[in-house]
Amino acid sequence: MKYESPKTTKEAAQLLAKAKGEARVLAGGTDLLVQMKSGAVEPDLLVDIKRIKATQEIKKKDGAFEIGASVPGMALRDHKALSKAWPGVVEAANLIGSDQVQGRCTMAGNLCNASPAADSVPALVAAKAKAKVVGPDGRRTVPVEKIPTGPGSTSLKKGEIIESISLPKRPARSGDAYLRFIPRTEMDIAVCSAGVNLTLSPSGVIKDARVAVGAVAPTVVLANKAAKAIIGTKLDDEALAKLAKEVEKVCSPIDDKRGTIEFRTEVAGVLARRAAKIAYERAGGK
Amino acid sequence: MSSVTVSTTVNGDAVQFVCPADEPLLDVLRNRLGLTGAKEGCGTGDCGACSVTVDGTLVCSCLVLGAEVEGREVETVEGMADGDELHPLQRKFIEHAALQCGICTPGFLIAAQALLEHNPDPTEKEVRYALAGNLCRCTGYDKIVKAVLDAGKEMRKAKSSKKR
């Protein structure tokens with residue numbers, strides 16, 4: 001195996017594109033190095049992107065944030081403006097692993113590892129985040145929900161890497177939240193999860209919303225009908241009940257010892273309701 | 001497997017080593033640099049026994065490649081004491097008997113040091129959350145948490161008396 005640490009994203013993309021055999025991007029390595037250790041992945045080339053400046057920074061421009069692909073969870077937590085604008089996204093990313101893992105793990109890696117239970121992904125999908133993808137033939141911008149295509153697989157082509165993830169400008173009276181169910185208090189993988197992002201009118205009516213659920217399907221699911229159920233409401237009990245019902249409809253989870261199909265489906269609806277309430281409060285709704 | 005030559009700083013000392021490209025930093029520290037404080041518990045980032053800091057950030061050295069630390073600053077438990085004088089955390093771990101077999105202790109010390117640098121006055125809950133990435137199979141954590149809180153107290157006192 002060869003190890004490379006290029007200085008630019010373009011160089012990294014070229015290394016990956018012309019690699020013979022298995023090539024992998026290394027950012028935080030909290031998934032990849034474990035997979036290598038177990039023998040699940042045996043790369044011939046590792047391209048470490050942490051020396052690329054464009055992947056290292058959190059930039060704020062015109063109210064939008066651009067988060068580099070090698071920015072670890074701890075740096076998200078320490079970024080005050082980002083935590084204030086997108087508390088749900090930051091909390092979701094910070095739920096991953098221990099402080100040791102937070103020193104390394106990245107949201108771009110969480111997205112590309114393509115686990116349906118990835119904690120930061122439902123929050124990113126709800127936030128309408130976009131991935132800036134760099135490949136040997138140039139750049140493209142992709143909604144984050146289009147990146148994972150199933151457990152462990154992505155839509156990225158050979159040679160393509162995510163350079164950064166962008167979060168759009170926040171309209172006034174907006175809030176987001178992410179909740180997951182785990183049988184422990186922390187250090188666990190989501191049995192099911194929900195992210196909600198919404199914006200209110202001056203009178204407190206929800207005028208825009210996005211709802212995404214995790215660990216209840218092969219990929220994180222953007223639940224458009226669930227969002228529609230709360231748009232135009234003040235999140236009354238009826239709207240919340242409809243939200244949960246619409247969330248349940250998009251769930252097609254696996255059945256295992258960590259949670260049955262029935263359990264995951266019902267709890268995903270409950271989490272969506274609770275996350276919606278938190279997001280509503282954060283947006284200034286009463 | 002191709003080899004990499006790495007120049008880095010470990011506990012303030014300039015160090016050079018050659019290792020296979022896929023060798024974890026933990027193995028470099030233990031087998032090439034003779035620093036056996038960091039321990040391998042799980043090798044998958046779950047137990048924290050191999051905790052070190054890289055450029056001041058707490059990490060599991062089993063989940064970092066040796067190749068990655070070129071030009072970085074690595075701190076291990078061997079660098080905690082000031083000569084013969086133990087770090088307050090090390091002293092408090094002894095005073096509170098916050099260890100039994102000792103395998104997890106270097107990792108706990110490094111993680112606790114990282115916590116107190118970031119948050120010099122943590123609550124008990126904050127200590128427990130910050131150390132959730134370190135597993136101990138002997139003590140039951142209570143004495144460890146008490147030792148960290150006590151060390152924090154002493155370090156704050158020492159800092160404020162220095163200011164005066």
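Cut-offs used in this document
- Residues numbered from 1 in each chain as written.
- Chains lettered and ligands numbered in written order.
- Predicted model: local features only at pLDDT ≥ 70, side-chain atom pairs only at ≥ 80, totals over all residues.
- Helix = DSSP H or I, 4+ residues; strand = E, 2+ residues; numbered from the N terminus.
- Rg over C-alpha atoms; globule rule 2.2 N^0.38 Å.
- Buried ≥ 20, exposed ≤ 12 C-beta atoms within 10 Å, placed from the backbone.
- Contact = placed C-beta atoms within 7 Å.
- Nonpolar A, V, L, I, M, F, W, Y, C, P; charged D, E, K, R; others polar.
- Domains from an automatic or database assignment.
- Pairing = 2+ DSSP bridges.
- Axes fitted to C-alpha atoms, helices over the stretch in contact; angles between N-to-C directions.
- pLDDT = per-residue confidence, 0-100.

Draft legend 1. Just the overall build of chain B, in detail. Helices and strands together make up the secondary structure of chain B, namely 5 helices and 5 strands. Helices and strands in chain B line up, N terminus first, as β-β-α-β-β-β-α-α-α-α. For 164 residues, the compact-globule formula gives about 15 Å, and the C-alpha radius of gyration of chain B, at 16 Å, lands near that figure. Principal-axis analysis of the C-alpha atoms places the extent of chain B at approximately 50 × 40 × 25 Å. Counting over 164 residues, chain B shows a buried share of 45%. Look at the contacts in chain B between residues 6 or more apart in sequence, and 57% of them connect residues 24 or more apart.

Draft legend 2. Seen up close, the overall build of chain A. The number of helices and strands found in chain A is 11 helices and 14 strands. The C-alpha radius of gyration of chain A comes to 19 Å, within 12% of the 19 Å expected for a compact globule of 286 residues. If one aligns the C-alpha atoms of chain A with their principal axes, the spans along those axes are about 55 × 45 × 35 Å. Counting all 286 residues of chain A, 54% fall into the buried class. Relative to all contacts within chain A whose residues are 6 or more apart in sequence, the contacts with residues 24 or more apart total 65%.

Draft legend 3. Local environment of the interface of chain B and chain A. With 24 residues of chain B at the contact, the number on the chain A side is 20 residues. Of all elements in the fold, only strand 4 (57-60) and helix 4 (124-130) of chain B reach the threshold of two or more residues within the side of chain B that touches chain A. Looking at which element gives the most residues to the side of chain B that touches chain A, the answer is strand 4 of chain B, with 4 residues. For the side of chain B that touches chain A, the per-class residue count stands at 14 nonpolar, 8 polar and 2 charged.

Draft legend 4. Geometry of the domain arrangement of chain A. All names here are of chain A. By the assigned domains, chain A splits into domain 1 (2-50 + 57-167) and domain 2 (176-282). In this structure, domain 1 and domain 2 have C-alpha centres spaced 24 Å apart. Listed by partner, the interface residues are 25 residues for domain 1 and 25 residues for domain 2. Considering only residue class, the side of domain 1 that touches domain 2 consists of 16 nonpolar, 5 polar and 4 charged.

Draft legend 5. Structural view of the domain arrangement of chain B. All names here are of chain B. Here chain B is partitioned into domain 1 (3-79) and domain 2 (88-163). Of note, the centres of domain 1 and domain 2, computed from C-alpha atoms alone, are 22 Å apart. At 3 residues, the largest contribution of residues to the side of domain 1 that touches domain 2 is made by strand 3 (residues 51-54). A per-class count over the side of domain 1 that touches domain 2 returns 7 nonpolar, 5 polar and 1 charged.

Draft legend 6. Structural context of the sheet that holds strand 1 (residues 3-10) of chain B. All names here are of chain B. Taking strand neighbours across the sheet as the criterion, the 5 strands line up as 2-1-5-3-4 in an open arrangement whose pairing is mixed. Two strands bound the open sheet, and with one partner strand each, they are strand 2 (13-20) and strand 4. Adjacent strand axes in the sheet meet at a mean angle of 40 degrees when their direction is disregarded. Relative to strand 2, strand 1 runs antiparallel, the two sharing 8 bridges. Its bridge partner lying in strand 2, Ser3 is registered against Pro20. In the packing of helix 3 (residues 105-118) onto the sheet, contacts are made with strand 3 and strand 4, and the angle to strand 3 comes to roughly 40 degrees.

Draft legend 7. Molecular detail of the confidence of the model for chain B. Of the residues in chain B, 99% have a pLDDT of 70 or more, and the chain-wide mean is 96. Across the interface, the model reports ipTM at 0.95; the global pTM reads 0.96.

Draft legend 8. Structural detail: helix 1 (residues 25-32) of chain B. Residue and element names in this part refer to chain B. Of all the residues in helix 1, the buried ones are Leu25, Leu26, Asp27, Val28 and Leu29. In this fold, the buried residues of helix 1 make contact with strand 2. One or two positions beyond helix 1, positive phi appears at Gly34, with a value near 70 degrees.

Draft legend 9. Looking closely at the pairing of strand 6 (residues 130-135) of chain A. Residues and elements named next belong to chain A. Extensive coverage of strand 6 is indicated by the burial of 5 of its 6 residues. Of the pairings in the sheet, the one linking strand 6 to strand 7 (residues 138-143) comprises 6 bridges and is antiparallel in character. The residue of strand 7 that forms the bridge with Val134 is Arg139. Between the end of strand 6 and the start of strand 7, which pair antiparallel, lie 2 residues. Taken together, the 5 bridges between strand 6 and strand 10 (residues 161-167) define a ladder with antiparallel strand orientation. Note that in strand 10 the partner of Val133 across the bridge is Ile162.

Draft legend 10. The arrangement of the pairing of strand 1 of chain B in detail. Residues and elements named next belong to chain B. Across the two faces of strand 1 the burial differs, with Val4, Val6, Thr8 and Val10 buried and Ser3, Thr5, Ser7 and Thr9 not buried at all. Where strand 1 folds back on strand 2, the antiparallel hairpin that results is connected by 2 residues, among which Asn11 adopts a positive phi of roughly 50 degrees. Where strand 1 and strand 5 (residues 73-75) come together, 2 bridges link them in parallel fashion. Bridge pairing in strand 5 links Thr9 to Glu73.

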